[in-house]
Amino acid sequence: DYHMSDIEPYMVSEFLQSMASLAKTTVSNQKSVLNSIFQVWIESPVWRGNSNPSKAVSIPRGLKHTKREPPTDEQVNIVKDHYLEPDALPAVVFLCTGERRGEACGIQLKDIDFENKTISIKNSVEHIGDKPHITTTKTPAGVRTIPLLSMLEEALSPYRLMDSETYILGGKTEPLTTSKYNRMWANFWHKYGYATELNYKSKSKLSNGKTKEYTHKEWRADVCAHQFRHEYVCMLCMADVPEEIAIQLVGHANVKMIHEVYMSLKPQMITSAGEKLN
């Protein structure tokens, strides 16, 4: 609601304070985005901005600093036990590729080499509101080739004769909308007890000259798709995949993200380490 020249440091501070319930990294990223926007404004010979209020503001104290954990063994086993079910495909894709959501939504049949058992990650889908938009991967390192695991290959069998432009998540030549993706993801986890019920009121069509309200059930999955990206890194570790290979498979520029963000010490890793040491 303001022109950039009207924005004062206290407004930026209030904005950051309004996100105090979020993780420290999330709030820090918001501040970095604001800082970059104002710097472009200042350095532009066209706009000639005169100040960067975000530089004068600190990140709020006491923000939580937590990392997202991988899915539980039970949740992973649910995917493995039901991987051939049609609505399980998103979970299978995340488990077998470790992709970010946008990258997974951007995979088309033409990107999969079934003969050489590889998947080329080239694009990503960004959702603005409910609409999908094709864009590039999050970073240049995101453009990569990953192995096609046998579980995913088998789950994709019904799709293999479809148009090469088909997106594997959704089965159409157009990428999934936000609502369709959320519904597919939530419906699968709801079947196995990992979803929270949400009630939405909406208006029905006119019936006998009257508009009636009805309540329909929606579900929100208690499992986050990005948790399976963490699981994939744990799988790479347990499979003794060298770090320099692992960072390329997950699409990061350096190993720091694997160490600090994705790496979680699982009981199986401790047991394996003990066996090797013995």
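The preceding data block contains the structure.
Structure report, in brief. Everything quoted here is computed from the prediction, not taken from an experiment.

The rules behind these values
Residues numbered from 1 in each chain as written. Predicted model: local features only at pLDDT ≥ 70, side-chain atom pairs only at ≥ 80, totals over all residues. Heavy atoms only, no water. Pairing = 2+ DSSP bridges. Helix = DSSP H or I, 4+ residues; strand = E, 2+ residues; numbered from the N terminus. Disulfide = S-S within 2.5 Å. Buried < 20%, exposed > 50% of the residue type's maximum accessible area, 1.4 Å probe, protein only. Salt bridge = Lys/Arg side-chain N within 4 Å of Asp/Glu carboxyl O. Polar contact = N/O pair within 3.5 Å; in protein donor to acceptor, adjacent residues only side chain to side chain. Contact = heavy atoms within 4.5 Å. Expected span 1.5 Å × (residues − 1). Arc of directions from axis to C-beta. Phe/Tyr/Trp six-rings, centres within 6.5 Å; stacked < 30°, edge-to-face > 60°.

Quick look at the pairing of strand β4 (residues 131–136)
Here strand β3 (residues 123–128) runs beside β4; their pairing, made up of 6 bridges, is antiparallel. When the bridges of β4 are listed, Asn123 appears paired with Thr136. Connecting β3 to the antiparallel partner β4 that follows it, the hairpin turn spans 2 residues, and Gly129 within it adopts a positive phi of roughly 70°.

Focus: the state of the cysteines
Evaluated as defined, the whole model comprises 0 disulfides. Cys96 carries a free sulfur, and the closest cysteine sulfur to it, the one in Cys234, is 15 Å from it. We classify Cys96 as buried; its relative accessible area is 4%.

Concerning the environment of Asn254
Topologically, Asn254 is positioned in the loop between α9 (243–250) and α10 (256–262). Owing to a relative accessible area of 40%, Asn254 belongs among the partly exposed residues under this scheme. Placed 11 residues apart in sequence, Asn254 and Glu243 show a C-alpha to C-alpha distance of 9.4 Å.

Some thoughts on the pattern of salt bridges
A full pass over the atoms with the stated rule returns 8 salt bridges. One salt bridge connects Arg144 with Glu99, and the closest N-O pair in it is separated by 2.7 Å. Of this pair, Arg144 sits in strand β5 (residues 144–147) while Glu99 is found in the loop between α4 (89–97) and α5 (101–105), placing the two residues 45 residues apart along the sequence. Of the charged contacts, one joins Glu165 and Lys110 as a salt bridge, the two residues approaching to 3.3 Å between their closest N and O atoms. Taken as a pair, Glu165 in the loop between α6 (150–155) and α7 (178–191) and Lys110 in the loop between α5 and β1 (112–113) lie far apart in primary sequence, 55 residues in all. By relative accessible area, which is 34% here, Glu165 ends up partly exposed. The structure contains a network of salt bridges with shared partners spanning Glu99, Arg100, Glu103 and Arg144.

As for the side chain of Arg100
Locating Arg100 in the fold gives a position in the loop between α4 and α5. Separated by 2.6 Å, the side chains of Arg100 and Glu103 make a polar contact. If we skip the residues at most four places from it in the chain, Arg100 touches Phe94, Lys138, Arg144, His226, Arg229, Val250, Gly251 and His252.

Things to note about the sheet that holds β1
Here we have 3 strands laid out as an open sheet, ordered β1-β2-β5, and antiparallel in their pairing. Single-partner strands in this sheet number two, and they are β1 and β5.

Here we look at α7
Quick reminder: α-helices carry 3.6 residues per turn. Residues three or four places apart thus point the same way. Taking 1.5 Å as the rise per residue, α7 with 14 residues should run 20 Å; its terminal C-alpha atoms sit 20 Å apart, in good agreement. Buried within α7 we find Thr178, Tyr181, Trp185, Ala186, Phe188 and Trp189. For α7, the angular spread of the buried residues around the axis is 160°, confining them to a single face. Two residues or fewer past α7, Gly193 is found with a positive phi of approximately 80°.

Overview of the packing of aromatic side chains
As enumerated under the stated definition, the model contains 8 aromatic pairs in all. Seen from their ring centres, Phe38 and Trp41 are 5.9 Å apart, and the 75° between their planes marks the pair as edge-to-face. Linking Phe38 with Trp41, this pair stays in helix α2 (residues 24–43), spanning 3 residues, or about one helical turn. The exposure classification of Phe38 matches that of Trp41, with both residues buried. Among the aromatic side chains, those forming a connected cluster through ring pairs are Phe94, Trp185, Phe188, Trp189, Tyr192, Tyr194 and Phe228.

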